[in-house]
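Listed below are the residues making up each chain.
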Amino acid sequence: MALNRADRLRAAVQRDGPTCIWCGRGFSGLVAPTTEHVVPRLKGGPSWLENEVAACRRCNSERGHRGPVEWLEECLGRGWRPDGQRLERSLARLAEAIGREGGQRRARPYLDAQLRRLRRRAAGPALISASRPAQSSAPRAPALGPTADRSSRAVGSVVDVVHAGRRVVGRLEQVWVYPVKSLAGTPVATVEIGPAGPRGDRAHSVVAADSGEPVRAKHSPVLATLVPTGDLPADERAIGAALGRPVRLQPASGGSAADVAAVHLVSRQAIDRAAAGEVPEGCSADDPRANLLLSLPDGDDERAWVGRLVSVGEVVLEVTRTPKHCLGVYANVRSGGVVAVGDPVLL
């Protein structure tokens, strides 16, 4: 007798282990497994156990219909720990099942292309493995300007340069904006940062339609899995459907509903250390939902920057404190401007 969906999910967890294939988090009461189709159904992927793996609800939702290798690379860019070996086994297992069972004309060419892409990537220097930290995908540092010290030395993958009394300590790997407080974020290549933080960040909050009371992911975790589209009426309907009650998206006073500071920074190294079990006291290893993801030399810790000024692109930030419950640091904006992926980070 063919397994039903719930039985297939249990079998996938038993086969692959109790962790999300995309972010590496262990399943628990707060991080429940969901069925993830390796080859999306939109691309002809069948609902077979060979095409199904377990993923947390957040990763399943945010992936959408993106290709598995494209999403794997996106997860690496976010500082997560996707299991590339598990993905390759799943694709190969599906290819074998299709060869055995036949059919699946739509899925075959898509599957073959994904396998080739994954194996080419694995054959290169940045081998994907769940047992080894993800490699930095930050762009290469630009050539030094005429006033820079040409006696700079390499520190890991980051160039350490003394420039105008300050030194480059890292690069900006990713920029994230969270248009609706408590909902999922959107990666952008560049953003303007003003006194209230990144333009468009936490520009709206979710409130109950009847009472106007705030609705937060702390009490409604499903919010963190929803990606806003920018169409406010449509987003209100989608959020209301997910919560089972009508809501409104309320514009934030002052342009941002950020609770503590204008900008939240975190390093990829801090995320990797947390994934390996080295978590600062009181903090969580979960996604810190930071605005700026930095790449720093191994051993550097942004939490040592409290009380200092840090420059990212055109922006000067004052690091004010460490969060109570998550990774990274909070900062206020001393001088606004534009930041872009690849910008140097200076102390």
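As a reminder, the structure under discussion sits directly above these lines.
To start, this report covers the structure provided alongside it. Just so it is clear, the structure is predicted and the values come from calculations on it, not from any experiment. Counting starts from 1 at the beginning of each chain's written sequence and moves along it residue by residue. The predicted origin of the model limits local features to residues at a pLDDT of at least 70 and limits the giving and counting of side-chain atom pairs to 80 or more, whereas totals for whole chains, interfaces and linings rest on all residues. Excluded from the side-chain calculations are hydrogens and water; all other atoms, namely the structure's heavy atoms, are used.

## A closer look at the overall build of the protein
By the criteria applied, helices consist of DSSP H or I runs no shorter than four residues and strands consist of E runs no shorter than two, each listed in order from the N terminus. The helix and strand tally for the protein stands at seven helices and 18 strands. Here's how the labels work: a residue is buried when its accessible area is under 20% of the maximum for its type, exposed when over 50%, partly exposed in between, all with a 1.4 Å probe on protein chains only. Burial status across the protein gives 46% buried among its 347 residues. A 1.4 Å probe and the Shrake-Rupley method give the accessible areas. Residues count as covered only by the protein chains that appear here. In the form shown here, the protein has an accessible surface area of approximately 16,700 Å², with 51% of it arising from carbon and sulfur atoms.

## Describing the pairing of strand β12 (residues 263-267)
Taken across its five residues, β12 has five buried, putting it largely inside the fold. Going residue by residue along β12, you find Val263, Leu265 and Ser267 tucked away on one face and His264 and Val266 tucked away on the opposite face as well. Strand direction decides the pairing type here: β12 and strand β16 (residues 329-335), joined by three bridges, are antiparallel. Bridge assignment links His264 to a residue of β16, and that residue is Tyr330. When DSSP finds two or more bridges between two strands, those strands count as paired. Pairing geometry for β12 and strand β13 (residues 292-295), over three bridges, is parallel. Bridge pairing in β13 links Leu265 to Leu292.

## Comments concerning the environment of Val260
Among the secondary structure elements, Val260 is positioned in the loop between β11 (247-251) and β12. Through-space distance from the C-alpha of Val260 to that of Tyr330 is 7.7 Å; in sequence the pair is 70 residues apart. What makes two residues a contact is simply this: any of their non-hydrogen atoms within 4.5 Å. Filtering out sequence-adjacent residues up to four positions away, Val260 remains in contact with Arg321 and Tyr330.

## Examining the pattern of salt bridges
Salt bridge criterion: a side-chain nitrogen from Lys or Arg within 4 Å of a carboxyl oxygen from Asp or Glu. Counted according to the given criterion, the structure contains 15 salt bridges. For the salt bridge of Glu62 with Arg78, the shortest nitrogen-to-oxygen distance reads 2.3 Å. With Glu62 in helix α2 (residues 57-63) and Arg78 in the loop between α3 (68-77) and α4 (84-101), this residue pair connects regions lying 16 residues apart in the sequence. For the pair formed by Glu62 and Arg78, the shared burial category is buried.

## Let's talk about unusual backbone geometry
One non-glycine residue with positive phi stands out, namely Gln104, at about 60 degrees. If you trace the backbone, Gln104 turns up in the loop between α4 and α5 (107-123). A positive phi angle, near 55 degrees, is found at Arg289, a position not held by glycine. Its place among the elements puts Arg289 in the loop between α7 (268-275) and β13.

## What about the side chain of Arg58?
For Arg58, the location among the structural elements is in helix α2. Judged by relative accessible area, Arg58 falls into the buried class, the value being 10%. In this structure Arg58 touches Cys23, Arg25, Trp80, Ala224, Thr225 and Asp287, once residues within four positions along its chain are discounted.

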